[in-house]
Amino acid sequence: MKKVWIVSILFILILLQAKPAEAMPADPSLLRSLQQGGYILYVRHGDATVGADSPRINFNDCATQRNLSEAGRNQAVSYGNALRQLHIPVQMPVVASPFCRTKETAELAFGAGNVRTDPFWVQIYQLGGSVPPAQQEAALKALSSQLEIPPSPGTNKVIIAHSFPSGVGLGEINSLGTVVIKPKGQGNGYDIAGRFDLNELTSP
């Protein structure tokens, strides 16, 4: 009888450990800082369909690309709503990589008329493939130049682009995950002030 009781207790403990942890809200002090402006929000696009982009990708033809899934579209809408509900000011237009999935994420979050595409961010996408060390170094140096420039006073700049390989640049980023960057001015670098995922941003 005692053995059965011990086994039952162990089973309950295993179940408790297996229960997924509830998402914690994003750091309140970081959100308060964002409400004052002065940061760059580097955001990965929403969840995309399974597969790969065509080797002959055409940025004007979404059929040659991976595109947002329905979940990714819902994520994008939730992201934009969350920033507005938190009164986090955003510099318009927001910047997006020219891929269909990045543009659509930006449009769903901030409105179709509030998005500017920048081909530079294709270089960040290419870091996910096999690139020569010199090309990677050049892309990361150009990235630093982009992230050193402060936004307009009282606002935050939003860039919707791609994840990085592990240990490179800003590192791996989940769908609609955000890296919060504090620019220090041209030539002075930048600091990473924090990170949060979409579920952290939308948690009460």
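Residues numbered from 1 in each chain as written. Predicted model: local features only at pLDDT ≥ 70, side-chain atom pairs only at ≥ 80, totals over all residues. Heavy atoms only, no water.

A.B. asks: Looking at this structure, how should I read helix α4 (residues 100–110)?
C.D. replies: Structurally, the α-helix is built with 3.6 residues per turn, so residues lying three or four positions apart point the same way. Inspection of α4 places C100, R101, T102, T105, A106, A109 and F110 among the buried residues, and these make up the whole buried set. Considering only its buried residues, α4 is in contact with α3 (70–85), β2 (94–96), β3 (115–117), α5 (122–126) and β4 (157–161). Where α4 terminates, the next one or two residues include G111, which has phi positive at roughly 105°. (Buried < 20%, exposed > 50% of the residue type's maximum accessible area, 1.4 Å probe, protein only. Helix = DSSP H or I, 4+ residues; strand = E, 2+ residues; numbered from the N terminus. Contact = heavy atoms within 4.5 Å.)

A.B. asks: What is the right way to read the pattern of salt bridges from this model?
C.D. replies: Using the criterion set out here, one finds four salt bridges in the structure. One salt bridge in this structure joins R73 and E70, with 3.5 Å as the shortest N-O distance. Here R73 pairs with E70, and both are found in helix α3, just three residues apart, close to one helical turn. For D191, the salt bridge is made with K184, and the minimal N-O distance between the two is 3.8 Å. (Salt bridge = Lys/Arg side-chain N within 4 Å of Asp/Glu carboxyl O.)

A.B. asks: How do you make sense of the state of the cysteines when you look at a structure like this?
C.D. replies: The final tally for this structure, using the stated rule, is one disulfide. What pairs with C62 in a disulfide is C100, and their sulfur atoms sit 2.1 Å apart. Taking the sign of the torsion about the S-S bond as the criterion, the disulfide between C62 and C100, at about -90°, is left-handed. Here the residue C62 occupies a position in the loop between β1 (40–44) and α3, and C100 occupies one in helix α4, the gap between them amounting to 38 residues. (Disulfide = S-S within 2.5 Å.)

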